[in-house]
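# A structural walkthrough
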Amino acid sequence: MEFRQIVYFLAISESGTFQKAASQLGLTQPALSKQIFLLEKELGVSVLERGGRSVRLTHEGERFYQYSIRMKELWEEIQNGFSNDNELKGNFSISAGGTVSAWVLPQILKEILKKRPGLSLSVREGDAKETKDAVLKGEVDLGILTGPISEPSLNVLEFLSDRIFPVAAKDHPIFLKKKIRIDDLKKQTFVFFHPGSALRKAVEKKIKSFPKEFGSKIAMELRSVESVIKSLEAGLGIGFLSEYSISPKLKKIKFEDWNTERKFFLCYRKKSGPALALLAEEILRSTEKWRSEKEAT
């Protein structure tokens, strides 16, 4: 068995087709198929179930996938162990929610990649559950999650604080009122994130803390931050957004008793190699610099 065959198997498992995996690996499809055939012959079992254009893992393939992840991690740890401790390089993946992926990470990662030419970073957008599962399963190296987080197998580092505000289009009728109260909001139509969103959960927790029933009329439940912003800009309702994603066409709705903050945490598996700890420190330093510059402007 060759280590490249494990890399090929993982690429097929994660892409779902031989064609996509071959393209990513820079191989022809027949060459890739031959290597997987040799791998299965040596193992004595079929690890992939071919059907139409896509492939699925067999029962044995599911077991071999877990072994393959561990072998890949061990190989990366070996490589990092023989690297200069101050030299951060290699390929790493990050999973985060829509707000962090679109409005926080791009500038931070741009700064890091300038300083680290041997480093390659990819970002996968996912809600809280998707991100946590991806980190725990080893599908991504780092996850950025909303706290609190109680997971013994993860290293958890505070990443960023974020305030959430009710917002609406600048010409929304609610801004005609001299003073906006919670009772005024109850009569409005809302554009919400989908129920699995960490931001939605934070908003609902705050709403439940009000002494009177909120009774909001939900017109939309959307997955992407961009969809929510565009709907709010079109005047389709009132929504709740991170302070980092409020566009110039939107305006904060200020009223008493609204103070909602959430904390993001950087997470990675405790069994990961030293390179991830270095990367996490680099991200935290760049985030602190980015936040200081943002507050100064």
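Cut-offs used in this document
- Residues numbered from 1 in each chain as written.
- Predicted model: local features only at pLDDT ≥ 70, side-chain atom pairs only at ≥ 80, totals over all residues.
- Heavy atoms only, no water.
- UniProt positions renumbered as here; feature names shortened; annotations may be inferred.
- Axes fitted to C-alpha atoms, helices over the stretch in contact; angles between N-to-C directions.
- Helix = DSSP H or I, 4+ residues; strand = E, 2+ residues; numbered from the N terminus.
- Parallel < 35°, antiparallel > 145°, perpendicular 65-115°, else oblique.
- Left-handed = near helix turned anticlockwise from the far one by under 90°.
- Contact = heavy atoms within 4.5 Å.
- Nonpolar A, V, L, I, M, F, W, Y, C, P; charged D, E, K, R; others polar.
- Salt bridge = Lys/Arg side-chain N within 4 Å of Asp/Glu carboxyl O.
- Buried < 20%, exposed > 50% of the residue type's maximum accessible area, 1.4 Å probe, protein only.
- Arc of directions from axis to C-beta.

- Taking an unreviewed UniProt entry as the reference, the protein chain is identified by name as LysR substrate-binding domain protein.
- According to the UniProt record, the Sequence similarities (unreviewed entry) comment for the protein chain reads "Belongs to the LysR transcriptional regulatory family."

### Some details on the packing of helix H1 (residues 3–15) against helix H2 (residues 18–25)
- Direction vectors running N to C along H1 and H2 enclose 125°, while the axes themselves pass 8 Å from each other. The pairing of H1 with H2 is recorded here as oblique in orientation. H1 and H2 meet at a crossing whose hand is right-handed. Contacts from Val-7, Tyr-8, Ala-11, Ile-12 and Ser-15 of H1 reach H2 at Phe-18, Lys-20, Ala-21, Gln-24 and Leu-25.
- For the contact of H1 with H2, the per-class residue count stands at seven nonpolar, two polar and one charged.

### Describing the pattern of salt bridges
- Throughout the structure, instances matching the rule amount to 21 salt bridges.
- Measuring nitrogen to oxygen at the nearest pair gives 3.6 Å for the salt bridge that ties Glu-130 to Arg-223. Taken together, the residues Glu-130 in helix H6 (residues 128–136) and Arg-223 in the loop between strand E8 (217–222) and helix H9 (225–233) connect sequence positions 93 residues apart.
- Residue Glu-130 is classed as partly exposed on the basis of its relative accessible area of 40%.
- The shortest N-O distance in the salt bridge between Lys-132 and Glu-151 comes to 3.9 Å. Taken together, the residues Lys-132 in helix H6 and Glu-151 in the loop between strand E5 (142–146) and strand E6 (154–169) connect sequence positions 19 residues apart.

### Things to note about H9
- Of all the residues in H9, the buried ones are Val-225, Val-228, Ile-229, Ser-231 and Leu-232. One face of H9 carries all of its buried residues, which in axial projection span an arc of 165°.
- The positive-phi residue at the C-terminal boundary of H9 is Gly-235, with phi of around 80°.

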